[in-house]
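Coordinate analysis (summary)
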Amino acid sequence: MKFSTFLNETKAGFVVKNLFVALIVVIVSLIVLLSWLKRYTLHGIEIEVPAITGMYLEEARMALESEGLNIEVIDSTFSRKVPLGTIVEQNPVAESHSKPGRTIYVIINSQTVRQVPLPDLHDISYRQAEATLKSLGITVKDYIYEPSEYKDLVLDVRKDGRSIDAGARLDEGSSVVLVVGRGKGTEKVSVPQLCGKKLPEARSLLLSKYLTLGIYEYDEEPTPETVDLYVVYKQEPTAGTVIVEGSHVNLYLSKDIEKAIVVSEDSNDEDFF
């Protein structure tokens, strides 16, 4: 029997013919698939990833796009060791190889300086205060020692020669000066008039006279929203009293400004008589 007759006129030949056709289709399909995969994966084509660490974002974007690569920012950090807004880390790293069109992921240095609130450091040891500031990224560049009943405790925090209050926001990496108590002095000073003044102003005025803020009490418990409204209405010792440097002065505060005026006038009357 001829082979053509076998293929066309027998069931076995029909099966063989269809198997042969199917094999041809599979082979052709594999060839097409492999060719497509080679083009899709860019087999054998690699690009050396350029070094973009230290560049600004737009500068790095242009450098990568010229090589057929993309860029994506995945995180930011803050460091004073490198310029703001520059790239501090890239993945894949420089000089590694990548396919065209792939994305390079980067971490950039923050474009703005982070600020941190100053904690209340008054009346804690200067070593504890320094450790607290260090944890916030703030350094102590100097100490000033002034008379105080409380030796080695922080009396004030200053920046650029001015007192700064707790809660004030400072640039991370900035430095401050701590005013620290060194015990009572030998000179005598007159207690200043503090009635009618807010607590930060009263504290600064006491420090300027080498006196220490002692206890301070409110006639009504303040809230975060109202605490800045309170003024001194009573002080112990009273204004004009002569005491030794470093002694403490106790203050009593109220939102009622009239109360402070009345007490201040009564105090002045007593001094007169």
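Quantities reported herein were computed from a predicted structural model and do not represent experimental measurements. (Residues numbered from 1 in each chain as written. Predicted model: local features only at pLDDT ≥ 70, side-chain atom pairs only at ≥ 80, totals over all residues. Heavy atoms only, no water.)

**Describing the sheet that holds strand 16 (residues 248–254)**
- The strand order across the open sheet built from three strands is 13-16-14, with neighbouring strands paired in mixed fashion. The strands lining the two open edges of the sheet, one partner per strand, are strand 13 (212–218) and strand 14 (231–236). The sheet shows a mean angle of 30° between the axes of neighbouring strands, taken without regard to direction.
- On top of the sheet, helix 5 (residues 199–208) reaches strand 13, strand 14 and strand 16; it is set at about 160° to strand 13, its chief contact. (Pairing = 2+ DSSP bridges. Helix = DSSP H or I, 4+ residues; strand = E, 2+ residues; numbered from the N terminus. Axes fitted to C-alpha atoms, helices over the stretch in contact; angles between N-to-C directions. Contact = heavy atoms within 4.5 Å.)

**Some details on the packing of aromatic side chains**
- Enumeration according to the criterion identifies four aromatic pairs in this entry.
- Judged by centre distance (5.4 Å) and plane angle (80°), the rings of Tyr126 and Tyr143 are edge-to-face. Here Tyr126 is found in helix 4 (residues 126–135), whereas its partner Tyr143 is found in strand 7 (residues 139–146), with 17 residues between them in sequence.
- A relative accessible area of 23% means that Tyr143 is categorised as partly exposed.
- Linked through ring pairs, Tyr126, Tyr143 and Tyr145 together constitute an aromatic cluster.
- Across the ring face of Tyr252, the terminal group of Lys234 is positioned such that the distance to the ring centre comes to 5.3 Å.
- The ring of Tyr233 has Lys259 sitting right over it, with the charged end atom 4.2 Å from the ring centre. (Phe/Tyr/Trp six-rings, centres within 6.5 Å; stacked < 30°, edge-to-face > 60°. Buried < 20%, exposed > 50% of the residue type's maximum accessible area, 1.4 Å probe, protein only. Lys NZ or Arg CZ within 6 Å of the ring centre and 35° of its normal.)

**Some thoughts on the environment of Gln90**
- Tracing the sequence through the fold places Gln90 in strand 3 (residues 87–91).
- Sequence separation between Gln90 and Ile71 is 19 residues; the distance between their C-alpha atoms is 9.5 Å.
- Sequence-distant contacts of Gln90, that is, excluding residues within four places in its chain, are made with Val49, Pro50, Ala51, Ile52, Thr53, Ile104, Tyr105 and Val106.
- Separated by 2.9 Å, the side chain of Gln90 and the backbone nitrogen of Ile52 make a polar contact. (Polar contact = N/O pair within 3.5 Å; in protein donor to acceptor, adjacent residues only side chain to side chain.)

**Focus: the pattern of salt bridges**
- This structure, assessed with the given rule, holds seven salt bridges.
- Between Arg158 and Glu146 there is a salt bridge, with the nearest N and O atoms lying 3.7 Å from each other. Placement of the pair is Arg158 in strand 8 (residues 154–159) and Glu146 in strand 7, with a sequence separation of twelve residues. Like Glu146, Arg158 is buried.
- Note that Asp156 and Arg158 form a salt bridge whose closest N and O atoms lie 3.2 Å from each other.
- Overlapping salt bridges bring together Glu146, Asp156 and Arg158 as one network. (Salt bridge = Lys/Arg side-chain N within 4 Å of Asp/Glu carboxyl O.)

**Some thoughts on the sheet that holds strand 5 (residues 103–109)**
- Taken in spatial order, the three strands line up as 2-5-3 in an open sheet, and their pairing is mixed. Of all strands in the sheet, those with a lone pairing partner are strand 2 (70–77) and strand 3, marking the two edges. The mean inter-strand angle of the sheet, taken between neighbouring strand axes irrespective of direction, is 25°.
- Across the sheet, helix 3 (residues 57–65) touches strand 2, strand 3 and strand 5, and the angle it forms with strand 2 is around 150°.

**Some remarks on the confidence of the model for the chain**
- Overall, the prediction assigns the chain a mean pLDDT of 85, with 86% of residues at 70 or greater.
- Residue range residues 269–273 is modelled with pLDDT below 50. Its contacts to residues more than four positions away, or to other chains, number one contact. (pLDDT = per-residue confidence, 0-100.)

**A look at the nonpolar core**
- One finds Leu118, Leu121, Leu133, Val154, Val157, Val176 and Leu178 to be the most contacted residues of the largest nonpolar core, which totals 16 residues.
- For this core, the secondary-structure elements that each account for two or more residues are helix 4, strand 8 and strand 11 (175–181).
- Excluding its chain neighbours within four sequence positions, the residues that come into contact with Leu178 are Leu121, Tyr126, Ala129, Leu133, Val140, Asp142, Tyr143, Ile144, Val154, Asp156 and Val157.
- Core analysis: the next-biggest nonpolar cluster, separate from the first, contains 14 residues, Leu194, Leu199, Leu213 and Ile243 among them. (Core = buried A, V, L, I, M, F, W, Y, C linked by side-chain atoms within 4.5 Å.)

**Some details on unusual backbone geometry**
- Residue Asn91 is joined to Pro92 through a cis peptide bond whose omega torsion reads 5°.
- Considering the arrangement of structural elements, one finds Pro92 in the loop between strand 3 and strand 4 (97–98).
- For Glu95, which is not glycine, the phi dihedral falls at a positive 75°.
- One can find Glu95 in the loop between strand 3 and strand 4.
- According to the relative accessible area criterion, Glu95 is exposed, its value standing at 61%.
- Even without being glycine, Asp123 reaches a positive phi, approximately 70°.
- Note on placement: Asp123 falls in the loop between strand 6 (115–117) and helix 4.
- Assessed through its relative accessible area of 41%, Asp123 is described here as partly exposed.

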